[in-house]
Amino acid sequence: MRVLLVGSGGREHAMATAIARSPLLDALFIAPGNPGTAALGTNCAVRADDVPGLIALARRERIDLVIPGPEAPLVAGIADACREAGIACAGPTQAAAALEGSKTFTKEICDAAGIPTAGWARFDAARPALDYVRRHGAPVVVKADGLAAGKGVVVAQSVAEAEQAITDMMTDGTLGQAGHSVVIEDCLIGDEVSLFAFCAGETAVLIGAAQDHKRIGDGDTGPNTGGMGAVSPPTGFDRDRQEAALDLLVRPMLREMARRGTPFTGIIFAGLMLTPQGPQLIEYNVRLGDPEAQALLIRLESDLLAALAAVAAGELDRTDIRFSSQSSISVVMAARGYPGKPVTGGAIRNLEAAAAIPGVQVFQAGTKLDDEGHLVAAGGRVLAVCAAADTLREACDHAYQAVKAIDWPDAVYRHDIGQRALAAQD
């Protein structure tokens, strides 16, 4: 197969690594890719959200399967454009991608399908939203209705913090169009986990689960980010519990989407909270998570390309997904200043030494080569340093050895990824 993988992040580097191992692969193109993916295929200078440009590239390179990595091309309609061009695509239609593109749409689906989720209200203007939080009190969760690259959620512990989030999003426009409307939710209490499944129509096949660490600082402090690390599998959330969560939170959604005439085909990522009352949905995403994908895929034993081709064909009976029994961890190294304005341009060295540590893989995200061919930081989240081992403690030790081996003075990272899971095991 000739494959076009869309995206440029650490998730796409991890996906490209897995796809490159497939015996089905003839040629791999990545648009736009990064210096890490360049070693696995051909990077193409087309933006991930440039749907016409991606279709033109797919036609020119005689692509058999398009695999969208991030959410932006899916919400922009790449699956629909592929269908019109007669090209297979392992992702949902634009209408179905509204599950991620609109928090309001997801909440309406949950209400219609009887899926347990936090109480909520939507606002299109700041004044009613401010009045609501003053009446309701805190804690509450303020979410930008649209796509905000993982930065559109504020868990406000006080009314003042909620007011600031509303003002930032709706009045000051810090998130652009994404924050013009907000959804305000009751705050759920429990452990947050990420659940992944291949879907087609009303059928879902479990992929697996991971636990993300969203806050920038140790001890879950500071603002939310796109994700600062993950562990897989989550402690206390085994495959039986994962299957039960699919029955409760994913399969009813698929039935409701089919009933509305917008069936879902692709990967669903259900962010859920394990509350004392049982699992409740936080959000749906319509692709693999980042950095969860990195932690998941280093444990993958089956053929990712074969599975994605079967998903695109709607043939989930041919979908084989198998992981090792090992534990894994991903630690994100971000640029100083993230999730605000990151410091870019700093040289990154010694990735080879880090990757030589047993079980370690380093995936690139916000990187580029400078004019002299040296690797430098070019974004917020820059590297995902991952390790797999027979125990989570060993995986954590190896990942942090690798982090310390990397020479990048501008790096910031959490020092406690996996520690809560280890404490739960003890």
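Just above, that's the structure.
Residues numbered from 1 in each chain as written. Predicted model: local features only at pLDDT ≥ 70, side-chain atom pairs only at ≥ 80, totals over all residues. Heavy atoms only, no water.

1. Considerations on the overall build of the protein chain
Regarding its fold elements, the protein chain presents 14 helices and 22 strands. Expected size for 426 residues packed as a compact globule is a radius of gyration near 22 Å; at 20 Å, the protein chain falls within 12% of this value. With the principal axes as the frame, the protein chain shows a C-alpha extent of 55 × 50 × 45 Å. When the 426 residues of the protein chain are sorted by exposure, 58% land in the buried category. Here the analysis covers contacts within the protein chain between residues at least 6 apart in sequence; of these, 68% occur between residues at least 24 apart. Counting every atom, the protein chain has about 16,400 Å² of accessible surface; 49% of that belongs to carbon and sulfur. Side-chain charges of the protein chain comprise 37 positive and 51 negative groups, with the mean position of each set lying 2 Å from the other. (Helix = DSSP H or I, 4+ residues; strand = E, 2+ residues; numbered from the N terminus. Rg over C-alpha atoms; globule rule 2.2 N^0.38 Å. Buried < 20%, exposed > 50% of the residue type's maximum accessible area, 1.4 Å probe, protein only. Contact = heavy atoms within 4.5 Å. Areas by Shrake-Rupley, 256 points an atom, 1.4 Å probe, with all protein chains shown as cover. Lys, Arg positive; Asp, Glu negative; His and termini not counted. Charge placed at Lys NZ, Arg CZ, Asp CG, Glu CD.)

2. Quick notes on helix H11 (residues 304-312)
Burial analysis of H11 places 7 of its 9 residues in the buried class, which makes it a mostly covered element. Restricting attention to buried positions, one finds in H11 the residues Leu-304, Leu-305, Ala-307, Leu-308, Ala-309, Ala-310 and Val-311. For H11, the elements touching its buried residues are strand E1 (2-7), helix H1 (10-19), strand E4 (65-68), strand E10 (191-201), strand E15 (264-275) and helix H10 (292-297). Within two residues after H11, Gly-314 carries a phi angle of roughly 70°, on the positive side.

3. Quick word on the nonpolar core
Residues Val-66, Leu-99, Met-253 and Ile-268 are the most contacted members of the largest nonpolar core, which totals 51 residues. With 7 residues, helix H9 (residues 239-259) is the single largest residue contributor to this core. In terms of nonpolar packing, the next biggest core, distinct from the first, is built from 38 residues, Met-15, Ile-207, Leu-296 and Leu-297 among them. (Core = buried A, V, L, I, M, F, W, Y, C linked by side-chain atoms within 4.5 Å.)

4. Remarks on the side chain of Arg-287
Checked against the element boundaries, Arg-287 lands in the loop between strand E16 (278-285) and H10. For Arg-287, a relative accessible area of 11% corresponds to the buried category. At 3.3 Å, the side chain of Arg-287 and the side chain of Asn-285 are in polar contact. Apart from the residues within four sequence positions on either side, Arg-287 is in contact with Arg-11, Gly-69, Pro-70, Glu-71, Leu-74, Glu-100, Phe-196, Ile-267 and Phe-269. (Polar contact = N/O pair within 3.5 Å; in protein donor to acceptor, adjacent residues only side chain to side chain.)

5. Side note on the packing of aromatic side chains
All chains considered together, the criterion is met by 3 aromatic pairs. Plain terms: the ring middles of Tyr-400 and Tyr-413 are 6.4 Å apart, the flat faces sit at 45° to each other, and that makes the pair tilted. A residue pair is termed long-range when its members are at least 10 positions apart, and Tyr-400 in helix H13 (residues 392-405) and Tyr-413 in the loop between strand E22 (411-412) and helix H14 (419-425) qualify at 13 residues. (Phe/Tyr/Trp six-rings, centres within 6.5 Å; stacked < 30°, edge-to-face > 60°.)

6. Side note on the pattern of salt bridges
Per the counting criterion, the structure on display carries 25 salt bridges. Of the charged contacts, one joins Glu-315 and Arg-318 as a salt bridge, the two residues approaching to 2.5 Å between their closest N and O atoms. Judged by relative accessible area, which is 32%, Glu-315 ranks as partly exposed. Since its relative accessible area comes to 49%, Arg-318 is described here as partly exposed. Ionic pairing is found between Arg-322 and Asp-320, a salt bridge with its closest N-O pair at 3.0 Å. Judged by its relative accessible area of 34%, Asp-320 is partly exposed. Residues joined in a network through salt bridges with shared partners are Asp-220, Arg-414, Asp-416 and Arg-420. (Salt bridge = Lys/Arg side-chain N within 4 Å of Asp/Glu carboxyl O.)

7. Topic: the packing of helix H6 (residues 103-113) against H9
The N-to-C vectors of H6 and H9 enclose an angle of 100°; their axes lie 9 Å apart at closest approach. When the axes of H6 and H9 are compared, the pair comes out roughly perpendicular. Contact with H6, carried on its side by Phe-105, Ile-109, Ala-112 and Ala-113, involves Pro-252, Met-253, Glu-256 and Met-257 of H9 and no other residues of that element. Of the residues that constitute the contact of H6 with H9, the class distribution is 7 nonpolar, no polar and 1 charged. (Axes fitted to C-alpha atoms, helices over the stretch in contact; angles between N-to-C directions. Parallel < 35°, antiparallel > 145°, perpendicular 65-115°, else oblique. Nonpolar A, V, L, I, M, F, W, Y, C, P; charged D, E, K, R; others polar.)

8. Remarks on the pairing of E16
E16 sits mainly inside the fold: 7 of its 8 residues count as buried. In the sheet, E15 pairs with E16 via 7 bridges, with the strands oriented antiparallel. Residue pairing for E16: Leu-272 is matched across the bridge by Leu-281. The turn joining E15 and E16, which pair antiparallel and follow one another in sequence, is formed by 2 residues. (Pairing = 2+ DSSP bridges.)

9. Re the sheet that holds E1
Pairing in this open sheet of 5 strands is parallel, and the strands run E3-E2-E1-E4-E5 from one edge to the other. The sheet terminates laterally at strand E3 (42-43) and strand E5 (88-89), the two strands that pair on one side only. In terms of strand pairing, E4 meets E5 through 2 bridges, oriented parallel. When the bridges of E5 are listed, Val-66 appears paired with Cys-89. Where H1 meets the sheet, it contacts E1, strand E2 (27-32) and E4, and its direction lies at approximately 165° from that of E1. Relative to E1, helix H2 (residues 51-60) is tilted by about 160°, and along the sheet it contacts E1, E2 and E4.

10. Observations concerning H2
The complete set of buried residues in H2 reads Val-51, Gly-53, Leu-54, Ile-55, Leu-57 and Ala-58. Buried positions along H2 lie against E1, E2, E4, helix H3 (71-75) and helix H4 (78-85).

11. Some details on the state of the cysteines
Inspection of every chain in the model, using the stated rule, returns 0 disulfides. Cys-82 provides the cysteine sulfur closest to Cys-44, a residue in no disulfide bond, and the two sulfurs are 14 Å apart. Residue classification places Cys-44 among the buried residues on the basis of a relative accessible area of 11%. Among the cysteines around Cys-82, which has no disulfide bond, Cys-89 carries the closest sulfur, lying 4.3 Å off. (Disulfide = S-S within 2.5 Å.)

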